[in-house]
Amino acid sequence: MDRYLTDKTGFYPANILLPDGQNWNQWAVVACDQFTSDPEYWESVKQHVGASPSTLNLIIPEVFLNASDLDERILKVNQKMDDYLKQGIFHKIPSSMIYVERTQSDGSIRHGLIGMIDLEQYEFAPGNKALIRATEGIVSSRIPPRVHVRTDASLELPHVMLLIDDFQNSVIGPLTEASDYMKKLYDFELQQDGGHIKGFQIRPEDMEVVEKNLAALATSQMMEAKYGVREKAPMLFAVGDGNHSLATAKKCYEIQKECTPKEEWDKLPLRHALVEVVNLHDEALQFEPIHRVLFNVNPQEVIRALHEYYPDAYEGTGEGQVIQYCYGSANGSITIPHPAMQLAVGTLQRFLDAYVEGNPVEMDYIHDEEEVRRLCSESGNLGFLLPAMKKEELFRTVIHDGILPRKTFSMGHAADKRYYIEARKIR
């Protein structure tokens, strides 16, 4: 592999670990940041897994991150990782990438590519110019408990999904065409209505194509053609899922760097993180809006404050960014004609952050429009209904505006998120 090209993409083959001779359906469980208000879901997973080897024993579902016995849970997870390694549960696929076909709950197939990224080329701070960028703001209070989980772990299991803006499907498309000639690594039904998944080991010649076509997406000419910028630093990957997980991996690497000579940083396993790359334009990938609901407010007062915050805003639908609202039996729209932000969600969130800071207001993020309207039929609640972000707006917005507000968009349903299958040694 040409190291010059991989340095330009920050994406590498990895020594990937897969379970050897295990029940795949019991082995794979959904990402830990799903069903965070539903401990019963995780109990059903536990019952299904039973005493069989499973990634459930190697993770801590985030529903339990604030549990009083968190330290004990972390110790058990770390011990189980060491046990699995000693017992030969895994076999290693050296210096490889894996092509994935995931059948989702609606029957559509999402195509992915598993490899590892260089965390030196990833940043989550606002305004960063890294090749690999967070898409949403990171909540700093969510990082320390996740660092606590990862600090002494001997393995990482990825649920991070990175997006590439590849309208021509030049990176993953050729892998789909060549999959008949690849070695199939797994092919099974996922538990808990997670659909079906297949994984194939990519051949060396396919990895060369991946590297060259990834590098082509990050040239200044391509940046100018797609986003109207040439002088700005190129952006190749946007974090679609797992923003806080990847930020945690970065933080752990930065901590280790502090006690490691600079010339040895390249040898640190924590310098890299295993991820799945998906094309933004994959037909199975759908963006859904996340709406805002304010509780125990005077809706008319909030709407007046919004007009005061944006003096040129007016009631009704017109030219500019349109934000719908509802409360009681009332429905309306506000148009902001000359917004500074690329997206309506950014324009609204800038106002809401300022309003919540000066008022004791409870705010929640709701995915379903019907649920928003149900909540806002009750007195004292106000809902803002946002349009779905178009796929082609993601990279352009992050490049021009920086990191998006938290909860800007959602990619698919919980059962369609990544399931833990692959692992990598990080100690």
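Residues numbered from 1 in each chain as written. Predicted model: local features only at pLDDT ≥ 70, side-chain atom pairs only at ≥ 80, totals over all residues. Heavy atoms only, no water.

J.: Explain the sheet that holds strand β20 (residues 362–366) to me, please; I cannot follow it from the model alone.
T.: Strand pairing in a sheet takes place through backbone hydrogen bonds and is either antiparallel or parallel in direction. A sheet is described by the order of its strands in space; here six strands give the open sequence β17-β19-β18-β21-β16-β20, paired in antiparallel fashion. Two strands close off the open sheet at either side, each with one partner strand: β17 (314–315) and β20. Sheet topology note: the strand β18 (residues 321–327)/strand β19 (residues 330–336) ladder contains seven bridges and is antiparallel. Across the sheet, residue Ile 323 finds its bridge partner in β19, namely Ile 334. Of the strands in this sheet, β16 (291–295), β17, β18, β19 and β21 (382–385) touch helix α10 (residues 299–309), which is tilted by about 45° from β21. The sheet strands contacting helix α11 (residues 344–358) are β16, β18, β19, β20 and β21, and the helix crosses β18 at an angle near 50°. (Pairing = 2+ DSSP bridges. Helix = DSSP H or I, 4+ residues; strand = E, 2+ residues; numbered from the N terminus. Contact = heavy atoms within 4.5 Å. Axes fitted to C-alpha atoms, helices over the stretch in contact; angles between N-to-C directions.)

J.: In this structure, what is going on with the packing of helix α5 (residues 143–150) against helix α9 (residues 243–257)? I would like to understand it.
T.: Between two packed helices, what matters for the description is the angle formed by their axes and the separation of those axes. Packing of α5 against α9 brings their axes to within 9 Å, and their N-to-C directions diverge by 65°. In terms of orientation, α5 and α9 fall into the roughly perpendicular class. In the crossing of α5 with α9, the sense of the turn from one axis to the other is right-handed. Judged by residue contacts, Ile 143, Arg 146, Val 147 and Arg 150 of α5 engage His 244, Ala 247, Thr 248, Ala 249, Lys 251, Cys 252 and Ile 255 from α9. Its residues assigned to classes, the contact of α5 with α9 comprises six nonpolar, two polar and three charged. (Parallel < 35°, antiparallel > 145°, perpendicular 65-115°, else oblique. Left-handed = near helix turned anticlockwise from the far one by under 90°. Nonpolar A, V, L, I, M, F, W, Y, C, P; charged D, E, K, R; others polar.)

J.: Can you walk me through helix α7 (residues 204–217) in this structure?
T.: The α-helix advances 3.6 residues per turn, and as a result positions three or four apart in sequence lie on the same side. Compared with the 20 Å implied by 1.5 Å per residue over 14 residues, the 20 Å span of α7 between its first and last C-alpha is a close match. Those residues of α7 that fall on the buried side of the exposure criterion are Asp 206, Met 207, Val 210, Glu 211, Leu 214, Ala 215 and Leu 217. Along α7, the residues classed as buried sweep out an arc of 165° about the axis, all on the same side. (Expected span 1.5 Å × (residues − 1). Buried < 20%, exposed > 50% of the residue type's maximum accessible area, 1.4 Å probe, protein only. Arc of directions from axis to C-beta.)

J.: Explain the pattern of salt bridges here, please?
T.: Under the criterion given, the structure shown has 20 salt bridges. A salt bridge links Asp 206 to Arg 203; the nearest nitrogen and oxygen atoms lie 2.8 Å apart. Given the relative accessible area of 9%, Asp 206 is considered buried. Overall, the relative accessible area of 24% leaves Arg 203 in the partly exposed class. The salt bridge involving Glu 254 is made with Lys 250; its shortest N-O contact spans 3.5 Å. Remark: Lys 250 and Glu 254 occur in helix α9; sequence separation between them is four residues, near one turn of the helix. Taking relative accessible area as the criterion, Lys 250 reaches 4% and is therefore assigned buried. Via salt bridges that share partners, Glu 120, Glu 123, Lys 250, Glu 254 and Lys 257 belong to a single interconnected network. (Salt bridge = Lys/Arg side-chain N within 4 Å of Asp/Glu carboxyl O.)

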